[in-house]
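A closer look at the structure
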Amino acid sequence: MAHIGNVLVVPSAASAETRVMRLRNFWSDYRRSWVAVGALVVIVALLVASFGAPWLVPQDPYDLGQLDWADAFLQPGQTGSGGYVHLLGTDNAGRDMLSAILYGLRTSFLIGILAGVLALTLGISIGLTAAYFGGRIEALLMRIVDLQLSMPAILLALVMAAVLGQGVPQIILALVVAQYAYFARTTHGAASVERRKDYIEAARSTPLPTRRILFKHLLPNVLPPLIVVATVQVASAISLEATLSFLGVGLPLTEPSLGSLISNGFKYIHAGRSWLSIYPGVFLMITVVAINLVGDQVRTVIDPRNSR
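Conventions we followed
- Residues numbered from 1 in each chain as written.
- Predicted model: local features only at pLDDT ≥ 70, side-chain atom pairs only at ≥ 80, totals over all residues.
- Heavy atoms only, no water.
- Helix = DSSP H or I, 4+ residues; strand = E, 2+ residues; numbered from the N terminus.
- Buried < 20%, exposed > 50% of the residue type's maximum accessible area, 1.4 Å probe, protein only.
- Contact = heavy atoms within 4.5 Å.
- Polar contact = N/O pair within 3.5 Å; in protein donor to acceptor, adjacent residues only side chain to side chain.
- Salt bridge = Lys/Arg side-chain N within 4 Å of Asp/Glu carboxyl O.
- Expected span 1.5 Å × (residues − 1).
- Phe/Tyr/Trp six-rings, centres within 6.5 Å; stacked < 30°, edge-to-face > 60°.
- Lys NZ or Arg CZ within 6 Å of the ring centre and 35° of its normal.
- Core = buried A, V, L, I, M, F, W, Y, C linked by side-chain atoms within 4.5 Å.
- Axes fitted to C-alpha atoms, helices over the stretch in contact; angles between N-to-C directions.
- Parallel < 35°, antiparallel > 145°, perpendicular 65-115°, else oblique.
- Left-handed = near helix turned anticlockwise from the far one by under 90°.
- Nonpolar A, V, L, I, M, F, W, Y, C, P; charged D, E, K, R; others polar.
- Arc of directions from axis to C-beta.

All right, on to the overall build of the protein then. Broken down by element type, the protein carries twelve helices and four strands. A principal-axis box enclosing the C-alpha atoms of the protein has dimensions of 80 × 45 × 40 Å. Per-residue burial for the protein yields a buried fraction of 41% across its 308 residues. Long-range contacts, defined here as pairs at least 24 residues apart, represent 68% of the contacts in the protein between residues at least 6 apart.

Right, let's get into the side chain of R195. By the secondary structure assignment, R195 is in helix α7 (residues 168-195). Overall, the relative accessible area of 15% leaves R195 in the buried class. At a separation of 3.2 Å, a polar atom in the side chain of R195 contacts the main-chain carbonyl oxygen of Y132. When near neighbours in sequence (up to four residues on either side) are disregarded, R195 contacts A131, Y132, I200, E201, R204 and L218.

Across all of its chains, the model carries five salt bridges by this definition. R32 serves as the salt-bridge partner of D29, at 3.2 Å between the closest nitrogen and oxygen. Owing to a relative accessible area of 66%, R32 belongs among the exposed residues under this scheme. Salt-bridge contacts for D91 lead to R95; the nearest nitrogen and oxygen are separated by 2.7 Å.

This brings us to helix α4 (residues 97-133). Helix length check: α4, at 37 residues, gives a terminal C-alpha distance of 53 Å against a target of 54 Å (1.5 Å per residue), a fit within 8%. Positioned one or two residues after α4, G134 has a phi angle of 65 degrees, which is positive.

Our next topic: the packing of aromatic side chains. Tallied over the full model, the rule gives four aromatic pairs. Considering the side-chain rings of F73 and Y268, the 5.0 Å spacing of their centres and the 65 degrees angle between planes classify their relative orientation as edge-to-face. Linking F73 in the loop between α3 (53-56) and β3 (78-79) with Y268 in the loop between α11 (258-266) and α12 (275-302), this pair joins segments that are 195 residues apart in sequence. In this structure F73 comes out as partly exposed when scored by relative accessible area, which is 22%. Relative to F133, the ring of Y132 lies with its centre 5.1 Å away and its plane at 85 degrees, an arrangement referred to as edge-to-face. Here the basic side chain of R273 rests over the ring of F73, its NZ or CZ set 3.9 Å away from the ring centre.

Let's shift gears to the nonpolar core. With 39 residues, the main nonpolar core has L128, I171, L175 and L218 as its most contacted residues. Elements represented by at least two residues in this core include exactly α4, α5 (135-149), α6 (153-164), α7, α8 (198-204), α9 (210-218) and α10 (223-247). In terms of residue count, α7 provides more of this core than any other element does, ten residues in total. Each residue touching L175, except ones within four places of it in the same chain, is listed here: I111, A115, A237, L240 and E241. One finds I43, V234, I262 and A290 within the second-largest nonpolar core, a separate group that totals 30 residues.

Relative to each other, helix α2 (residues 34-51) and α12 sit at 130 degrees, their axes nearing to 8 Å. With respect to α12, the element α2 is oriented oblique. Between α2 and α12 lies a crossing of left-handed hand. For the pair α2 and α12, contact is made by V35, A36, A39, L40, V42, I43 and L46 and by F283, I286, T287, A290, I291, L293, V294 and Q297, respectively. Residues that form the contact of α2 with α12 fall into these classes: 13 nonpolar, two polar and no charged.

With that settled, consider α6. Taking 1.5 Å as the rise per residue, α6 with twelve residues should run 16 Å; its terminal C-alpha atoms sit 16 Å apart, in good agreement. Among all positions of α6, only A153, L156, A157, M160 and A161 are buried. The buried side chains of α6 occupy one side of the element, clustering within an arc of 130 degrees when seen end-on. The outward face of α6, more than 90 degrees from its buried face, is lined by the exposed residues A162 and V163.

Dropping the structure here:
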C-alpha cells in the first residue's frame, strides 16, 4: 500500500483480487458443461493414479526381481503367485497389466507436459519475435514455420526419433521439434494484431527494454489462444509418443510406455489374449479424449463465439 499524490494505491491486493475473480468466472463458465467437468475429473483421477502408482499397485512392473514367469498370461481377475488379484491380467513376462499401464501413463503425462511446455516456450519466442520486429526477420522465421507445418507431425517425429535414438529426453526433443511450429504460428497471428494497437506503440515510445515490452505487455494479451493450443498439443504429444513406441522407435522396452504395451500385446491378440493390447489402448484413448474435451471447453469459455 502506498500514496501517490492523493491516490491510495494497493497494486498487489487489487491484482490478487482480480485474479481470484477471473478464476471464479472461468470456473463458473467451465462447469456449465457436465461433459467437460467429467473429463476434468477423469484427468485428475488418472494423474493421481499414475503418479501415485508406486503406492497404489501391487508391483513395480519394471523391477525384474518382482516378476514371476509362472504368472505369465494370467487372465483378468486371476490370482498370481504373489497372492494378489491381477485385475487386468498379466503379460508374457508375468507383469501385472494394471501396474504397467499406470506406470506407462505416468511416463506419457511427463513426456506430454514437458514437451508441451518446451514447445510452447520455443513457439512463443519465435512468434513474438517475428510479429514484433517484422520485415526480414518475420519473413525468415515464418517461412521456416510454414515449411514445418506443411509436413505431418508424425513424419517429423519419426525422423527425429530415428536420428536421436530411444529414451525419454530424445523423445521429448523430437516432440518439441515436431510441435513448436503450432505455437509459433498461433502466437504470431495473435501478436501481429496486438502489435498494431496503441498500447504497444506507447510502450515502444518509452525507454522500456524490448524484452519487457514483449513479455510484460504483448505476451499476456496473446495467451488465451495459446492456452487452448497447449491443451490440445499435450494430448497430441501423448498420442505421438505412444505411436513412436508402438513402432519401436520411441521408448526402449525397459521404460514404461502405453505404446510399447500395446505393441507387445498385439503379437498375442489372435491367440485369445486380447487384454494385453485392449486395456492399454482403452487407457490411452480415455486420456486423449478427456484432454481434448477439456481443451474444447476451455476454448469455448475463453472465446464465447466458439460456443454452439
